[in-house]
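Chains, contacts and geometry: an overview
If you want the building blocks of each chain, they are given just below.
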Amino acid sequence: MDVTISPSRVSGGAQAPPSKSYTHRAILAAGYADGALVYDALWSADTRATAGAVTAFGGDVSRDVDDGHLAVDGFGGRPEVPADVIDCDNSGTTMRLVTATSALADGTTVLTGDASLRSRPQGPLLEAIRDLGGEAKSTRGNGRAPLVVTGPVSGGPVSIPGDVSSQYISALLMAGAVTEEGIDIELETQLKSAPYVDVTIEVLADFGVEAEHTDEGFAVAGGQSYDPADGEYHVPGDFSSISYLLAAGAVAGDDTVRVNGAYPSAQGDSAIVEILERMGAEIDWHREDGVIEISRSDLEGIEVSVEDTPDLLPTIATLGAVADGDTRITNAEHVRFKETDRVSAMADELGEMGVETTEERDSLTIHGDDSSLAGAAVDGRGDHRIVMSLAIAALVADGETTIAGGEHVDVSFPGFFEMLGGMGVDHDLERRD
């Protein structure tokens, strides 16, 4: 689907979509339990992949058509051997979390995904499963899907790098709680994207499971049961998605833009509020009410690390294209291993729109003073975050911008373009055969 966006001003209110990270973990946690009701869940392509995995392991996930809550029948910590290959589609979170679940089953599980997912690294998690006594391999011998995992593992100590993906640690903690021995994780390198592990620990606690930070890394005791209070869980709003709404208000607000559903949580991407403040945005977060108000502002370039917030890089790059001076995004090498290489993707696509950048292996600098945003034909690279960030840049570009691959927003923000339309954005959706 091609999306054409004309220069526009935005105003009014917007509801933050539910958190994708929390929804993934809640669906799988409910699967590890006997079951649970998951309210305010994000029902997207990625989270449907996790729901499909829970079903493959012997559970069931159904969605109420009236209020959207999910009714999950769990597999009680004992996943069955799937009758078919588990297709994780484009969801790296699904693949990594359920690869560890596969290691609990008494038999062999095969996992795959689309071409993008089959290019993403899984090797350290496979090695960890082998160290725990399971069998785990890549069919192509390159540490990438398709994966073949045979269990069951009973737990124990394991070491794993922390600078490739925090999802490895989250996967082991979630699975380790229902092993006999539990799992002690020693980090071989500094942990990046650490807030995502905090999200996992927070969800585990809400499901009655204890996991903890240790001097070496993380640990979870075995023999625990997943059992949420009152048999239900409520998903908070998603700050990764909120970042695009706030960026729209900061660069193209016609009046104060109000984002609802922005309650504090362990999400590292809530750092977007501080980042915008540092850039000079007029922004006010009413935490108790879950409301953020933001107005169009003259932005100044800053230096910001995305070590713990990799999903914010595309948003920050777009803000840098509008800001005065240089915006330097550092500690970004791990952002290259997402749905696409997001460092190069933003440099190239913003470049098509007239933005000057300097790309290095671990950083991206956007030269705002040397840039003049102009409408262009750009490629969303099959990546929801690239598409949405380019859409924000299009709001203040000179002329129309056409973004290829607009349908990929369904991965994390179904209805994104409709929401922008409700805020006053002039856009046209054209589906391609």
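Residues numbered from 1 in each chain as written. Predicted model: local features only at pLDDT ≥ 70, side-chain atom pairs only at ≥ 80, totals over all residues. Heavy atoms only, no water.

1. With respect to a negative patch on the surface
Operational definition: Distance thresholds for patches are 9 Å for like charges and 5 Å for nonpolar side chains (Val, Leu, Ile, Met, Phe, Trp, Tyr), applied to residues having over 30% relative accessible area and no salt bridge. Accessibility throughout is a Shrake-Rupley quantity obtained with a 1.4 Å probe, and a residue counts as covered only by protein chains that appear here. Each reported salt bridge corresponds to a side-chain nitrogen of Lys or Arg within 4 Å of a carboxyl oxygen of Asp or Glu. When charges are counted, neither His nor the chain ends are considered; positive counts come from Lys and Arg and negative counts from Asp and Glu. Lysine's charge is taken at NZ, arginine's at CZ, aspartate's at CG and glutamate's at CD. Per the convention used, a helix needs a DSSP run of H or I reaching at least four residues, while a strand needs a run of E reaching at least two, with both numbered from the N terminus. Each residue's exposure class comes from its accessible area (1.4 Å probe, protein chains only) as a fraction of the maximum for that residue type: buried when under 20%, exposed when over 50%, partly exposed otherwise.
Taken together, E127, D131, D184, E186, E188, E210, E212, D215 and E216 make up a surface patch of like negative charges. Taken together, the elements giving at least two residues each to the negative patch come down to α4 (123–131) and β11 (183–187). Structurally, D184 can be placed in strand β11. The class for D184 is partly exposed, based on a relative accessible area of 45%.

2. Topic: the layout of surface pockets
Heads up, the condition is: A pocket, in this scheme, is an open set of points on a 1 Å grid over the protein atoms alone with protein on both sides within 12 Å along at least 5 of 7 lines, while a cavity is a set where a 1.4 Å probe fits but cannot get out; residues line either one if an atom lies within 4 Å of a point. Grid points are joined across faces, edges and corners, and a volume is the space filled by probe spheres set on the points. As a working rule, the residues Ala, Val, Leu, Ile, Met, Phe, Trp, Tyr, Cys and Pro are called nonpolar, Asp, Glu, Lys and Arg charged, and the rest polar, with Gly in that last group.
Of the volumes computed, that of the largest pocket is approximately 350 Å³. Lining the largest pocket we find 17 residues, and of these G76, G77, R78, V178 and T179 sit closest to its centre. Looking at the lining of the largest pocket residue by residue, the classes come out as seven nonpolar, seven polar and three charged.

3. Focus: empty space enclosed by the protein
Left-over empty space is what a probe sized like a water molecule reveals as it rolls over the atoms. Scanning the model with the defined rule gives three cavities of 30 Å³ or more in all. Here the largest cavity is characterised by a volume of approximately 370 Å³. Forming the boundary of the largest cavity are 29 residues, of which T93, R120, Q167, D311 and K338 lie nearest the centre. Of all elements in the fold, only α1 (20–32), α3 (92–102) and α11 (384–395) reach the threshold of two or more residues within the lining of the largest cavity. When residues of the lining of the largest cavity are assigned to their parent elements, the largest contribution, four residues, is made by α1. The residue makeup of the lining of the largest cavity, split by class, is four nonpolar, 12 polar and 13 charged. Approximately 70 Å³ is the volume attributed to the second largest cavity. Lining the second largest cavity, in full, are S19, S21, P195, Y196, V199, D238, S240, Q267, G268 and D269.

4. Remarks on unusual backbone geometry
Cis rather than trans, the peptide bond between A145 and P146 has omega equal to 5°. The topology assignment puts P146 in the loop between β8 (135–138) and β9 (147–150). Cis geometry is adopted by the peptide bond preceding P152, which originates at G151 and carries an omega value of 10°. Its location among the elements puts P152 in the loop between β9 and β10 (156–160). Phi at S193 takes a positive value of approximately 60°, unusual for a residue other than glycine. Residue classification places S193 among the buried positions, given a relative accessible area of 5%.

5. Some words on the sheet that holds strand β14 (residues 232–234)
We count it as follows: Pairs of strands are assigned from DSSP output, requiring at least two bridges between the strands. Orientation is described by axes fitted as lines to C-alpha atoms, over the contacting stretch for helices, and by angles from 0 to 180 degrees between their N-to-C directions. Between two residues, a contact is recorded if the distance between any of their heavy atoms is within 4.5 Å.
Pairing within the open sheet is mixed, and its four strands lie in the order β4-β5-β3-β14. Looking at the sheet topology across the chains shown, the edges are occupied by β4 (60–63) and β14. The sheet shows a mean angle of 20° between the axes of neighbouring strands, direction not considered. In this structure, β4 lies alongside strand β5 (residues 70–73), joined through four bridges in antiparallel fashion. When the bridges of β5 are listed, S62 appears paired with A71. In the packing of helix α2 (residues 45–56) onto the sheet, contacts are made with β4 and β5, and the angle to β4 comes to roughly 140°.

6. Observations regarding the pairing of β10
For a regular strand, side-chain orientation follows a simple rule: the groups alternate between the two sheet faces. The condition that has to hold: Call a crossover right-handed when, viewed with both strands pointing away from you, the route from the first strand across the helix to the second goes clockwise.
Bridging between β10 and β11 involves five bridges; their strand directions are parallel. From the neighbouring strand, P157 faces β11, where its bridge partner is D184. Following the backbone out of β10, through helix α5 (residues 167–176) and into the adjacent parallel β11, one traces a crossover that is right-handed.

Purely geometric numbers; function is a separate question.
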